[in-house]
Structures are given as C-alpha cells and as structure tokens.
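Fold and geometry: a report
Now for the letters of each chain:
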Amino acid sequence: MKRIEANHVSAWYGTFKAVEDVTLAIEPKQVTALIGPSGCGKSTFIRTLNRMHEVIPGARIDGEVLLDAEDIYASGIDPVSVRRTIGMVFQRPNPFPTMSIRDNVSAGLRLNGTRKKAELDPIVERALQGAGLWKEVRDRLDRPGASLSGGQQQRLCIARAIAVEPQVLLMDEPCSALDPVSTLRIEDLIAELKDQYTIVIVTHNMQQAARVSDSTAFFTLEVAGDPGRLVEVGPTSKIFTKPDDERTEAYITGRFG
Amino acid sequence: MNMSKSAQAIINPSVLRCGRLGPGQAVAATAGGVALAALAFWLTPLQGRAGFLLVTYLAGTTGYLLAASKIEGRRSVVDRLAAVLMVTTVGICLLALGSVLIYTAVRGVKALDWYFFTHSMNGVGPRDDAGGAYHAIVGTLQQVLLAALFAVPSGLLVAIYLTEYGTGRLASLVRTVIDVMVGIPSIVAGLFIYAFWVLGLRRGFSGLAAAMALAILMLPIVVRSAEEMIKLVPPALREAAYALGIPRWRAILRVVLPTASAGITTGVMLAVARVTGETAPLLLTAFGFDSIQNDPFSGPQSSLPLFVFGQASSAFSAAVDRAWAGALTLIAVVLLLTVAARLVTRRNRLV
Ligand SMILES: Nc1ncnc2c1ncn2[C@@H]1O[C@H](COP(=O)(O)OP(=O)(O)O)[C@@H](O)[C@H]1O
Ligand SMILES: [Mg+2]
C-alpha cells in the first residue's frame, strides 16, 4: 500500500504555468478527492502523479513526487514502470475500439508481454468482478468493448486499470460523462476498492466528494491565466463543515466567484 | 405590437404547418416541364440529341422546383435543388464508371476462356486466334506484390515517424519530399530505375526492376493516407495505453495501428490499384516478354498492362480481342486484391 507525497509541484504547458507549488500528502487505503473550479489545474496535477503530464509535447514539471519515499521524477526512474504502479481512469470512457471486452481488460498485461494466454482468463474475471462488471458481461466477453453502455464502459476501463494490479488508482472525473445511476455504481465501487488501493479522485461534484472521500483537497485560481494553487487539504468532514479558508467555504457553499 | 415569429408559432399552431409536395404532384410537375421542352423541340427549329437531353432535363427540374416553391416555400426549394444536383452528379459518375466496366466486359469476354488463363503468347502471331495472358498475369501479380512488399512497410514506418516522432526540420523535409514524390510522373520513376538499376548496375530488365519503379509510385500514396488515418486516432486511446504502463512503441503497434487499420488498408489498396495499371514505367523495367517467366529476379517479364498495350497496338482483330480480355482481367485482378485486403482487415475489426 503506497503513500504519495507531492512536494512543491509546479506544472507547465510550454511557457504557461498551470499549477504552482502544490504540496500534498496522499494517504494509503483512503480516497483523496481533489475539488475546485474548472481550469484550476486538478487534471494537470493528478497527471503529474503518474508521469502522464509529460506525454503532452512541451509539458514539464518542477518539484518532486514521492511514492513511498522514492521520487518518481528522479533520474533513472522509468515512467513506464511508474504508470504500471499508478493506474489511471479518465473522464471519458476510452476502451480500445479494436478489442473485445476480454482483450480490453487484459490489454495492459498482454501488451506488456508479462503473462501467458492461459493465465489471463482468471485475471480478466477477477478484474471484471473487482469493477462490478462481471455479471453483466460474462457471457459476451468477445463482444467489442464499445458495445457497452457509457457506465459499463467506464467500469470496463476501471477493470482494465486494476488488471495490471497497480498500487494507486488515479481517477479524473470518472463520472462526469455518466448518468446518475451509473455514477452511484462507480461510487460504490470506489468505496470497495479503497481497501486495496490508494485512490485519488478529481470531481467537480461536491456531493460526490463528500460521499466517497476521506480527505479533500481544494484547488483554486485567482484569475483566469494564473496558475492553480492548493488552498487547503484536510479530512473531508472538516473541509465540508468548517474549512479554514474562506475561499473554500465560498466554493463549498456555492458562493463562488 | 410586433410579435416575433416564434411567439406567433406558439400562439397560432397553423404557423407550424406547411404544404407538402406529394409524389404525384412532383411527377406531374416534372412531366409538365419535360412535355413543354418536347413541345418546343417539335414546334420550333430546335434540334440535336444532346441539346434535347439537356433542355428536357433543365425544364423537368424547373417544373419540379417551381411546384415545390409554390407548395412548400423557399427553404424546401433549396433543399430539393441540392438533392437534384447530388443525384445528377452521382448518376453521371455511375454512368461513366458503369459504361467503362460494361464495355470492357462485353468486349473482353470474347477471348476470355480457360485457354486464355493457362497459356502464354509464346510463338503466337498477331493474326492467330490463340495465345493467352498467363505470363502477363504472373508478371503483374509478382511485380505488384513485390512493390507492395517494398512500399507498404517503409511507407507505414515513414507515416509513423511523421505522426508520432516527427517534429522540426527533418520532418518537414520528409513531408516535402513525399509531397514532391506524389507528383513524379510514372515514366520518370521508370526512367530512374532504368538508368540506375537496369543500365547503371547492369542488372538488366526484370520483374524486380518493375517492382522498384512501382514502389516509388506507391510510397507517397501509402505515406500520405496512412499519416492522415493515424492522425485520426483519438489521443485518448494513446493516453489510455500509456496509463496502463504500455511503452510507446507497443502502444503504436498494438493500439494506434489497429485502430487506423481500415483506413490504412484503403490507402494501400488505392496505391495498389494505381500502380497495377501502370504501363509506361514497365516498358523501361520489365520490358515485356511473350513467354512464361516465373522468376521476377532475372530477365524480362510481361505484365497485364504491357500485354494489353502490345495486343491493342496490333491491327488484327484476334489481337484486339486479346487486348480487351487482358483489360478485363486487369480490372478483375485489382478487384480481387481489394476484396482480399478488405477481408484481411475485417478480421481486425469487431462490430
Ligand atoms: N494540453 C494542454 N495544453 C495547454 N494548456 C492546457 C492543456 N491542458 C490544460 N491546459 C490548461 O491548464 C489549466 C488547467 O487545466 P486543467 O488541469 O485541465 O484544469 P481542471 O482539470 O481543474 O479543470 C487550464 O488553464 C487549461 O487551459
Ligand atoms: Mg479536468
């Protein structure tokens, strides 16, 4: 079970600074929610935690991100291994369109060449069960992943992410493209998964943050064009009842901007 | 007070209604226009078949659109006009395509029999009602497949370089070179291989030389179409692959390329179809040969375009019949290759 510590992380897109000086500890076996107005750098920050930020041309970061005391940005660290340890689920469900449901789930393992075909089936089943999708798809594992509904596709993406057995799961607004019923299913799933994974979830839905998370970090930006900053972080119950900062309070109570 | 249109629509439901041009009315209006045009040709000194077709077409369309404007209003006229234009254009294209196919088929079947597919032109004179295109079919298949073998993998690699890795000077240089290559006349590609390989390196005429010339023509088409198709793959799929800890090269090979494979195949088949019919560069590289030459690596070889060219240049009807049969075979070969390629990529795609 891994703990993540971000120390003085700043992130740029070319010359534009999107996130400034974020220092934040993410505890294991907990759900940490990142909330804040749109454009304040939540996505950018969460992507610095598994080195997905640098995939974008011209993007770079400053500061350090410790995964159990090891800096994932230290020289000699392989970003590919980092991403195997810290999985990610995106805002829009993005199953691989050329692959069946089964192949989508085992994609991480197959494409890394780490497992033999025969070993894959039980892993696929376990991952789909973990994502609460097994019962719905067990008799159509060979259908294309894109044939599922939006909510099912998102759970397929979660199954795909946990099939590679990461230590940490990052979720960037995993429910914002889904209907309320699918959203509740995924929230239940997050509650189950937090026994096994360290989870970070970005959400712009305050009720969702209150429902699923143990601690909450509030980001904001002063004016458009400024970098986003971390305002405060604490136990979710505290952030939502008596936050230290008045900007947090304004945002929580809907008096933002 | 002035009431806005939408407000009126809410209060007065009849504003939502409009006339509908029924099929009977449409046919009647069109027929009226056509009849007027026919009358004009009958009563006035107007004449000429092409003129008659054009005038009746325009008059029929005008009648149809007038009726639409009377009954349905302006927006619908524009809509129907666009529809008429599209249907007309599609019809003209199909007519052109269909007449080429049908004419070739009608002329081609005459000399087309089992004998034609199993014999060469070895020892057959232009007047003889014998001989076949076996040697040419073998030549075309070998040359085109070899050309594809050269051009498709390298073209794909260039396209991957351009989309995934190419930034800066080198990439724009490569892109410019590829653009220039698109414009190379086919005879120039043949001439280049002739000067460089056939004469310069003293390799002589061969199917291989022909394949190299054809590969030069295929390469830019493959690169450009593959590049466009790879660009269309959503970045989200790449990110999903990276986030699973899949290295970049594997993500390209196993996620990006399969997703783009249908489009890439279309591009490859376009390139194959384009070069299968090439004649000029083959004159300087494969040269042509009347007997069966199963070895593409040494000695002159025939091909279907060369066969058609040779037979069609003759004045004798037996030879001309063979030329048409060869042309029909050429169309069939391209068609078969296209269908085969579709079947291969179909397996890659679910749905
Ligand atoms: N790929 C990118 N290139 C340039 N700027 C970007 C890119 N992605 C995000 N940004 C900018 O970075 C800032 C933070 O964006 P983001 O992290 O997506 O915010 P959030 O997820 O909190 O809505 C925004 O100003 C946004 O315009
Ligand atoms: Mg975001």
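Residues numbered from 1 in each chain as written. Chains lettered and ligands numbered in written order. Predicted model: local features only at pLDDT ≥ 70, side-chain atom pairs only at ≥ 80, totals over all residues. Heavy atoms only, no water.

If you check an unreviewed UniProt entry, chain A appears there as Phosphate transport ATP-binding protein PstB from uncultured Acidimicrobiales bacterium.

Some details on the overall build of chain A
Which entries qualify depends on this criterion: Numbered from the N terminus, helices here are DSSP runs of H or I no shorter than four residues, and strands are runs of E no shorter than two. Atoms considered for the radius of gyration are the C-alpha atoms alone. The globule rule reads 2.2 Å times the number of residues to the power 0.38. Each residue is assigned to one of three classes by its accessible area relative to the maximum for its type, calculated with a 1.4 Å probe on protein chains only: buried under 20%, partly exposed between the two thresholds, exposed over 50%.
A tally of regular secondary structure across chain A gives ten helices and ten strands. The C-alpha atoms of chain A give a radius of gyration of 18 Å, which matches the 18 Å a tight globule of 257 residues would have. Each principal axis of the C-alpha distribution contributes one length, and for chain A these read about 55 × 45 × 30 Å. A total of 257 residues make up chain A; the buried ones form 55% of that total.

Quick word on the nonpolar core
Filter applied, for reference: By nonpolar core we mean a set of buried residues, namely Ala, Val, Leu, Ile, Met, Phe, Trp, Tyr and Cys, connected to one another through side-chain atoms within 4.5 Å. Only heavy atoms enter the contact rule, under which two residues are in contact if any of them lie within 4.5 Å.
Residues Leu34, Phe45, Leu49 and Phe96 of chain A together with Met218 of chain B are the most contacted members of the largest nonpolar core, which totals 91 residues. Counting residues per element, this core draws most heavily on helix H9 (residues 207–232) of chain B, at 15 residues. If we ignore the near neighbours within four places in the chain, the residues touching Leu49 of chain A are Ile4, Ala6, Ile26, Val65, Ile72, Ile86 and Leu170 of chain A. Counting 44 residues, the second largest nonpolar core, distinct from the first, contains Val31, Cys175, Ile186 and Val212 of chain A.

Brief notes about the site of ligand 1
Residues and elements named next belong to chain A. Selection rule: Neighbouring residues are identified by heavy atoms, a residue being near a molecule or strand if any of them is within 4 Å of it. Here a polar contact is recorded for every N or O atom pair within 3.5 Å, except that within protein the pair must consist of a potential hydrogen donor and a potential acceptor, and residues adjacent in sequence are included only if both atoms are side-chain atoms. Each residue is assigned to one of three groups, with Ala, Val, Leu, Ile, Met, Phe, Trp, Tyr, Cys and Pro labelled nonpolar, Asp, Glu, Lys and Arg labelled charged, and all others, Gly among them, labelled polar.
Around ligand 1, the structure places Tyr13, Phe16, Ala18, Ser38, Gly39, Cys40, Gly41, Lys42, Ser43, Thr44 and Ile56. Cys40 is positioned with one of its backbone polar atoms (N or O) 3.3 Å from an oxygen atom of ligand 1. The set of elements that each furnish at least two residues to the shell around ligand 1 consists of strand S2 (16–26) and helix H1 (42–48). For the shell around ligand 1, the element with the most residues is H1, which contributes three residues. In terms of residue class, the shell around ligand 1 is made up of five nonpolar, five polar and one charged.

Here's the deal with the sheet that holds S2 of chain A
All names here are of chain A. Put simply, the rule is: Two strands pair under a simple rule: DSSP has to find at least two bridges between them.
If you walk across this open sheet you meet the four strands as S2-S1-S4-S5, and the pairing is antiparallel. At either margin of the open sheet sits one strand with a lone partner, and together these are S2 and strand S5 (70–71). In terms of strand pairing, strand S1 (residues 4–13) meets S2 through seven bridges, oriented antiparallel. If you follow Trp12 over to S2, its bridge partner there is Lys17.

Thoughts on unusual backbone geometry
Trans is the prevailing form of peptide bonds, just as negative phi is the prevailing case for residues other than glycine. All names here are of chain A. Positive phi outside glycine occurs at Asp68, with the angle close to 50°. As for its placement among the helices and strands, Asp68 is situated in the loop between strand S4 (59–67) and S5. Relative accessible area serves as the criterion here: at 39%, Asp68 is assigned to the partly exposed category. The backbone of Glu165 sits at a positive phi, close to 50°, despite the residue not being glycine. Summarising the element assignment, Glu165 is placed in the loop between helix H6 (150–163) and strand S7 (168–172).

Side note on the sheet that holds strand S10 (residues 229–235) of chain A
Residue and element names in this part refer to chain A. What counts is decided by this rule: Inter-axis angles, ranging from 0 to 180 degrees, are taken between N-to-C directions of lines fitted to C-alpha atoms, where helices are fitted over the stretch in contact.
In spatial order, the strands read S6-S7-S8-S3-S9-S10; together these six strands make up an open sheet with mixed pairing. The strands lining the two open edges of the sheet, one partner per strand, are strand S6 (86–89) and S10. Neighbouring strand axes in the sheet, compared pairwise and without regard to direction, differ in orientation by 15° on average. In the sheet, strand S3 (residues 31–35) pairs with strand S9 (residues 215–220) via four bridges, with the strands oriented parallel. Among the inter-strand pairings, Leu34 is bridged to a residue of S9, identified as Ala217. Contacts from helix H7 (residues 180–193) reach S3, S7 and strand S8 (198–202) within the one sheet, and its direction differs from that of S8 by about 150°.

Considering the interface of chain A and chain B
To keep things clear, this is the line we draw: Buried area: the accessible surface (1.4 Å probe) lost by two parts on joining, summed over both. Should a side-chain nitrogen of Lys or Arg be within 4 Å of a carboxyl oxygen of Asp or Glu, the pair is scored as a salt bridge.
Facing the 28 residues of chain A at the interface are 19 residues of chain B. Carbon and sulfur atoms make up 68% of the area that chain A and chain B hide from each other, which totals about 1900 Å². On the chain A side of the contact with chain B, Phe96, Thr98 and Leu111 of chain A bury the most area, a combined 33% of that side's loss. Seen at the junction of chain A and chain B, the total is one salt bridge. In this structure, Glu239 of chain B engages Arg47 of chain A in a salt bridge whose closest nitrogen and oxygen atoms are separated by 2.9 Å. The interface formed by chain A and chain B contains five residue pairs in polar contact (both at pLDDT 80 or more). Its residues assigned to classes, the side of chain A that touches chain B comprises 16 nonpolar, six polar and six charged.

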